[in-house]
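# Chains, contacts and geometry: an overview
As a plain string of letters, each chain reads:
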Amino acid sequence: MAEIFSTTALLSVNGIDMFITEQGSGPPVVLCHGFPGLSFSWRHQLPALAGAGWRAIAPDMRGYGRSDRPTDPAAYDRASTVADLIGLLDELGLDRAVFAGHDFGANLVWDLARWAPDRVAGLMQFSVPLAPRSPIRPSAASAALAREHFLHMHYFQQPGRADQELAARPREFLARLLWALSDTDRYLQCWEHPSEGNGYLDVLPHAPTPPWSWLSAEEFEHYVAEFTRTGFTGGLNWYRALDLVWEQNAATADTPIETPSVFIAGHRDPVLSMMGPDPLGAMAQQVPGLRSTHLIPGAGHFVQMQDPEQVNAAMLHFLEHLR
């Protein structure tokens, strides 16, 4: 088989410049990363999808990498981020695509299937199962939890402090966060600390310097270089827009998602541990289109990087039955 090369482009989408990496030709699959991610986070999936006859498209999401990074948190509301993905399809001349999302990308793609179901051919969702709408706004829920534990979602709400802390020590922050989130027990150590007087680097466990089994030194340096250049404010603004997203989703929150879907997560993902007693069951009740769920043994939050072989197999099996 001939080698399939990556191509990159900077597109004008929904009033911002959006950087994309893509491989292959055929039906499109759009891969949406979360925090702290980049289009590079899908480096193991792009060639696998392209080799199986799909056009794999991975953007640097709004706020990240070589895409524009608005400074106003209101620019990260759901109307804007949904319009980014619809605008990307329009710019590429595509009617529909399969969408994959990880972390904040998963939250966005769940909502996309409700906001614009005609543009979504399928969903491949990673690490964040769809949760029922909270009766209280996210900032209030985070503040309540932060009375007893350090909670990053509360710490990130106020512009300035977290931005400065993380930008001052990007290499240390990235190593410690990526390491912690790759296993439940490591990350939940953060909860043992109080919020008062602590920043994120005060509570994250220490990490060995890469290479790790799933992240080479060269791959890690790519993240360090990008976030050293851009800082973290764009990614943090996704957290600061959560109340706006909650408000804007009120009209669609009870809409069942009929779109054919697959859910993939690491069995050791701390997100699953923090979402209540049965997050997968709650998701299944809201997503009648859910065809399968895959929990990858030994993997944590960054499952697509920690075990790409099993992840790619699950993705391709789903896509094979979607054609």
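Look up a bit, the structure's there.
Now for a look at the structure at hand. In this text, all values refer to a predicted model and were calculated from it rather than measured experimentally. (Residues numbered from 1 in each chain as written. Predicted model: local features only at pLDDT ≥ 70, side-chain atom pairs only at ≥ 80, totals over all residues. Heavy atoms only, no water.)

A tally of helices and strands in the protein yields 16 helices and eight strands. Relative to the globule expectation of 20 Å for 323 residues, the C-alpha radius of gyration of the protein, 18 Å, shows essentially globular dimensions. Summarising its shape, the C-alpha atoms of the protein cover approximately 55 × 45 × 40 Å along the three principal directions. A separation threshold of at least 6 residues defines the contact pool for the protein, and within that pool the share at least 24 residues apart is 77%. Summed over all atoms, the accessible surface of the protein reaches about 13,100 Å², with 52% contributed by carbon and sulfur. Charge centroids of the protein, computed over 22 positive and 36 negative side chains, lie 1 Å from each other. (Helix = DSSP H or I, 4+ residues; strand = E, 2+ residues; numbered from the N terminus. Rg over C-alpha atoms; globule rule 2.2 N^0.38 Å. Contact = heavy atoms within 4.5 Å. Areas by Shrake-Rupley, 256 points an atom, 1.4 Å probe, with all protein chains shown as cover. Lys, Arg positive; Asp, Glu negative; His and termini not counted. Charge placed at Lys NZ, Arg CZ, Asp CG, Glu CD.)

The next subject is the pattern of salt bridges. Opposite charge on two side chains makes pairing possible when the charged atoms of those side chains draw close. This structure, assessed with the given rule, holds 14 salt bridges. A salt bridge links R43 to E219; the nearest nitrogen and oxygen atoms lie 3.0 Å apart. Taken as a pair, R43 in the loop between β3 (28–32) and α1 (45–51) and E219 in helix α10 (residues 217–230) lie far apart in primary sequence, 176 residues in all. In this structure R43 comes out as buried when scored by relative accessible area, which is 14%. Residue classification places E219 among the buried residues on the basis of a relative accessible area of 17%. The partner of E226 in a salt bridge is R229, with the nearest N and O atoms 3.0 Å apart. On the criterion of helical spacing, the pair formed by E226 and R229 is a turn pair, its members being three residues apart in helix α10. Overall, R229 belongs to the partly exposed group, its relative accessible area being 46%. Put simply, R137, D243 and E247 are held in one network by salt bridges that share partners. (Salt bridge = Lys/Arg side-chain N within 4 Å of Asp/Glu carboxyl O. Buried < 20%, exposed > 50% of the residue type's maximum accessible area, 1.4 Å probe, protein only.)

We now examine helix α16 (residues 308–320). In this model α16 runs 18 Å from its N-terminal to its C-terminal C-alpha over 13 residues, within 8% of the 18 Å that 1.5 Å per residue would give. Among the residues of α16, those classed as buried are P308, V311, N312, A314, M315, F318 and L319. Buried residues of α16, viewed axially, fall in a sector of 160°; they line one side. Across α16 from its buried face, at more than 90 degrees, point the exposed residues E309 and E320. (Expected span 1.5 Å × (residues − 1). Arc of directions from axis to C-beta.)

Relative to the helices and strands, V30 is located in strand β3. Distance in space between the C-alpha atoms of V30 and A97 is 6.7 Å, their sequence separation being 67 residues. If sequence neighbours within four positions are ignored, V30 has contacts with I57, P59, L88, L89, A97, V98, F99 and A100.

Looking now at the sheet that holds strand β1 (residues 7–13). Backbone hydrogen bonds hold the strands of a sheet together, and the pairing may be parallel or antiparallel. Here we have eight strands laid out as an open sheet, ordered β1-β2-β4-β3-β5-β6-β7-β8, and mixed in their pairing. Two strands bound the open sheet, and with one partner strand each, they are β1 and β8 (290–296). Across this sheet, the average inter-strand angle for adjacent strands is 20°, counted without regard to direction. Where β3 and strand β5 (residues 97–102) come together, four bridges link them in parallel fashion. In the strand pairing of β5, L31 is matched with A100. Seen against the sheet, helix α2 (residues 78–92) touches β1, β2 (16–23), β3, β4 (55–59) and β5 and runs at an angle of roughly 115° to β1. Here α16 sits on the sheet in contact with β3, β5, β6 (120–126), β7 (261–266) and β8, set at roughly 160° to β6. (Pairing = 2+ DSSP bridges. Axes fitted to C-alpha atoms, helices over the stretch in contact; angles between N-to-C directions.)

Time to look at the nonpolar core. Counting 71 residues, the largest nonpolar core has F35, L88, F99, F156, F173 and Y200 as the members making the most contacts within it. In terms of residue count, helix α7 (residues 170–181) provides more of this core than any other element does, eight residues in total. When near neighbours in sequence (up to four residues on either side) are disregarded, F173 contacts F35, L166, Y200, L201, L204 and F232. Listed in part, the 23 residues of the second largest apolar core include L49, A100, A314 and L319. (Core = buried A, V, L, I, M, F, W, Y, C linked by side-chain atoms within 4.5 Å.)

Counted according to the given criterion, the structure contains 20 aromatic pairs. Between the aromatic rings of Y64 and F227, the centroid separation amounts to 6.3 Å while the plane-to-plane angle is 90°, which identifies the pairing as edge-to-face. Remark: F227 occurs in helix α10 and Y64 occurs in the loop between β4 and α2; sequence separation between them is 163 residues. In this pair, the class of Y64 matches that of F227, namely buried. Consider the rings of F156 and Y239, whose centres lie 4.8 Å apart with planes at 75°: the pair is edge-to-face. With F156 in the loop between α5 (152–155) and α6 (161–168) and Y239 in helix α11 (residues 233–240), this pair connects stretches of sequence that are 83 residues apart. For F156, a relative accessible area of 0% puts it in the buried group. Judged by relative accessible area, which is 5%, Y239 ranks as buried. Directly above the aromatic system of F40 lies the positively charged group of R43, at a separation of 4.4 Å from the ring centroid. Of note, R66 hangs over the ring of F19, and the distance from its end group to the ring centre comes to 4.0 Å. (Phe/Tyr/Trp six-rings, centres within 6.5 Å; stacked < 30°, edge-to-face > 60°. Lys NZ or Arg CZ within 6 Å of the ring centre and 35° of its normal.)

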